[in-house]
Amino acid sequence: MKLQIAWFGKTKDPAIQSLTDEYLRRLSRYAEVQGMALKDESALLKLCGREARPLRHSLVLLDSRGKQLSSEEFAEFLRNHQDRNPLPLLFAVGPANGFTAETRLEANLLLSLGKMTLAHELARVVLLEQLYRAFTILKGHPYHLGH
């Protein structure tokens, strides 16, 4: 499975960058994964290939109005995608003010990390940890059982 995780702007906090790098490294055991900083939403839509057919990615946007999943449900979402869809998954953590309505309409899934508001850099780390947790659930690794 191929995963891309995109966010907007440069990472300001070295601790966030360190956690980002750590979870990308951990995820690389389970999937081909790439993290990337993008300039803006138009760069995201271009990366998705929305102008061209066939599409190049399945787009998942983190959005407070999105669907909330348990860790187990998220793992099942990844399994189903892997089994049924050859396109790489592109997860995008929005800018501080959220995604535009136009970009939300282009998404295959709007995903919420919960009802609480998170700083977008922290949301990135939470997403990466949940991706890692989902793969450990799918592989039967004991990481998830420690809760």
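Everything numeric here is computed off the predicted structure, so don't read it as measured data. The residue numbering used here restarts from 1 in each chain and proceeds along that chain's sequence as written. With pLDDT at 70 or above as the cut-off, local features in this predicted model cover only qualifying residues; side-chain atom pairs require 80 or more to be listed or tallied, and sums for whole chains, interfaces and linings still use all residues. Where side-chain values are given, they derive from all heavy atoms of the structure, hydrogens and water being excluded.

S.K.: How do you make sense of the nonpolar core when you look at a structure like this?
M.R.: Side chains that are nonpolar tend, in soluble globular proteins, to be buried together. To form a nonpolar core, buried Ala, Val, Leu, Ile, Met, Phe, Trp, Tyr and Cys residues must be joined to one another through side-chain atoms within 4.5 Å. Remark: exposure states derive from per-residue accessible area (1.4 Å probe, protein chains only) relative to the maximum for the residue type, with buried under 20%, exposed over 50%, and partly exposed in between. Counting 24 residues, the largest nonpolar core has Leu3, Ile5, Phe74, Leu78, Phe91, Leu127 and Leu131 as its most contacted members. Looking at this core, the elements that each hand over two or more residues are strand E1 (2–8), helix H1 (14–27), strand E3 (58–68), helix H3 (71–84), strand E4 (89–93), strand E5 (109–112) and helix H5 (120–139). Strands are runs of DSSP state E lasting at least 2 residues, helices are runs of H or I lasting at least 4, and numbering of each runs from the N terminus. Take this core: its biggest share by element is seven residues, from H5. Setting aside residues up to four positions removed in sequence, Ile5 forms contacts with Val33, Gln34, Gly35, Met36, Phe91, Leu127, Leu128 and Leu131. Two residues qualify as a contact provided that any one of their heavy atoms is within 4.5 Å of a heavy atom in the partner residue.

S.K.: Honestly, the sheet that holds strand E2 (residues 32–38) in this entry has me stumped. Any pointers?
M.R.: The strands making up a sheet associate through backbone hydrogen bonding, with each pair oriented either parallel or antiparallel. One bridge is not enough; two strands pair if DSSP finds at least two bridges between them. Spatial strand order, E2-E1-E4-E3-E5: five strands in an open sheet with parallel pairing. Only two strands of the sheet have a single partner each, and these edge strands are E2 and E5. In this sheet, neighbouring strand axes are inclined to one another by 30° on average, regardless of whether the strands run parallel or antiparallel. As paired strands, E1 and E4 are joined by five bridges and run parallel to one another. Residue Leu3 lies in a different strand from E4, and its bridge partner there is Leu89. The axes are straight lines fitted to the C-alpha atoms, using for helices just the contacting stretch, and the angles between their N-to-C directions are given from 0 to 180°.

S.K.: When you look at the pattern of salt bridges in this model, what are you seeing that I'm missing?
M.R.: Salt bridges are identified by distance alone: a Lys or Arg side-chain nitrogen within 4 Å of an Asp or Glu carboxyl oxygen. Enumeration over the complete set of coordinates arrives at six salt bridges. With its nearest N and O atoms 2.6 Å apart, the salt bridge here joins Glu22 to Arg25. Placement of both Glu22 and Arg25 in helix H1 is noted, with a separation of three residues, approximately one turn of the helix. Take Glu22: its relative accessible area is 25%, and that puts it in the partly exposed class. In this structure Arg25 comes out as partly exposed when scored by relative accessible area, which is 42%. Asp63 serves as the salt-bridge partner of Arg65, at 3.2 Å between the closest nitrogen and oxygen. Ionic contacts of the salt-bridge type, sharing partners, join the residues Glu22, Arg25 and Arg26 into one network.

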